[in-house]
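Listed below are the residues making up each chain.
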Amino acid sequence: MAAQPAANQELTLTCLERAQYAGSSATSNRVLLITLNGEPYELEGPLSVTDLLAKLSIDPRRVAVEHNYEILKRHRFADTVVHEGDRIEIVNFVGGG
Amino acid sequence: MIDTPLVIAERAFASRLIVGTGKYPSHPVMAQAHAASGAEMVTVAVRRVNITDRSRESLLDYIDTERLFILPNTAGCYTVDEAVRTAHLGREAGLSNWVKLEVIGDERTLFPDTEALVVATRQLVRDGFVVLPYTNDDPVVCRKLEDAGAAAVMPLGAPIGSGLGIQNANNLRIIREFARVPMIVDAGVGTASDAVVAMELGADGVLMNTAIAGAQDPVAMAEAMKHAVAAGRLAFRAGRIPRKLYATASSPVEGLVGR
């Protein structure tokens, strides 16, 4: 783990913070409650936006993602970690005039 | 008579018809209609992905992106903030910085909130967008949009989806006379003759969705619209005869038998 790049260090730190809050082990997965496209959504964390899209079977090349009201560039999907309480919007193109 | 292309923000389009992607009976019919229309630019809307039902096919599977330039819209937005946010999401989901800007002011008529439209145009131009605002047929508002940096002005012919045709031809002529950017008539076309009228008035292009998608045979109507836009454009360039109240004979008055 120590050899992993900065993205995972951030992830580890987040887990530790969450572990302190929850009083559980830093390495075990736990259920996160987020708001996804305006609806409450439960998922097992920790995970990145790339992981979330994969879980939802969404092609990352065809969507735009907003993370807590901030639009994420596609190259940041992999190193952006989803936290408890985050607001995530995933949009795509649909028919329109 | 060889025409010049429609040029918006230095990008050239051989077709002066822009079509939508909404309300077609099916994605395959839409794709056929797009091909029949000869259009090179299509509009799309930006909406939340359906999280619970992932089975639905993606619209983009049916858009020939090699041939069609995608213009995301901000349809359904009622405030500057919503429209700007949606435009940014559209830019991120797509491949360009172009946006068909809509800021709607009234649910029943879908008329634009022109005050908010001007503010949103200014904001998005500052953010690096090529902004094509859908507006009402008001020459003063069109001038303000131009001053705000709009790459084209897109006045309505009639309310969105109404199919009423060109309601105020004189306003469109005035807008065309003064605008320094292309004027695209957006919304209100019901059938081919409406598109002809728009082009004969001097419009640089016509944008439509429902007239094609809602026709009994969308593919045939798309082809009709291709011809209508081309015919109207040609007639405009050819220069029509003046209107006169009384008849002027087309055949010679001399040499009539029996006189």
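Because the structure is a prediction, the values reported are computed rather than measured.

### Quick look at the sheet that holds strand β7 (residues 130-135) of chain B
Residues and elements named next belong to chain B. With parallel pairing, 3 strands are arranged side by side in an open sheet as β6-β7-β8. The two strands at the open ends of the sheet, each matched to only one other strand, are β6 (98-101) and β8 (154-155). Summarising the sheet, β7 and β8 pair through 2 bridges and their orientation is parallel. Bridge pairing in β8 links Thr 135 to Pro 155.

### So, the pairing of strand β4 (residues 41-48) of chain B
For β4 of chain B, the buried fraction is high: 6 of the 8 residues fall into the buried class. As judged from the 5 bridges shared by strand β7 (residues 87-95) of chain A and β4 of chain B, these two strands associate in the antiparallel manner. What sits directly across from Phe 93 of chain A, in β4 of chain B, is Val 46 of chain B. Where strand β3 (residues 17-19) of chain B and β4 of chain B come together, 2 bridges link them in parallel fashion. Bridge pairing links Ile 18 of chain B to Met 41 of chain B in β4 of chain B. Where β4 of chain B meets strand β5 (residues 69-72) of chain B, 4 bridges bridge the pair, whose relative direction is parallel. Residue pairing for β5 of chain B: Thr 43 of chain B is matched across the bridge by Leu 71 of chain B.

### Overview of the interface of chain B and chain A
In this complex, chain B contributes 26 residues to the contact, which on the side of chain A involves 19 residues. If you list the elements that add at least two residues to the side of chain B that touches chain A, you get β4 and α2 (80-93) of chain B. Broken down by element, the side of chain B that touches chain A gets its largest block of residues, 6 residues, from β4 of chain B. Taken together, the residues of the side of chain B that touches chain A break down into 12 nonpolar, 9 polar and 5 charged.

Conventions adopted
- Residues numbered from 1 in each chain as written.
- Chains lettered and ligands numbered in written order.
- Predicted model: local features only at pLDDT ≥ 70, side-chain atom pairs only at ≥ 80, totals over all residues.
- Pairing = 2+ DSSP bridges.
- Helix = DSSP H or I, 4+ residues; strand = E, 2+ residues; numbered from the N terminus.
- Buried ≥ 20, exposed ≤ 12 C-beta atoms within 10 Å, placed from the backbone.
- Contact = placed C-beta atoms within 7 Å.
- Nonpolar A, V, L, I, M, F, W, Y, C, P; charged D, E, K, R; others polar.

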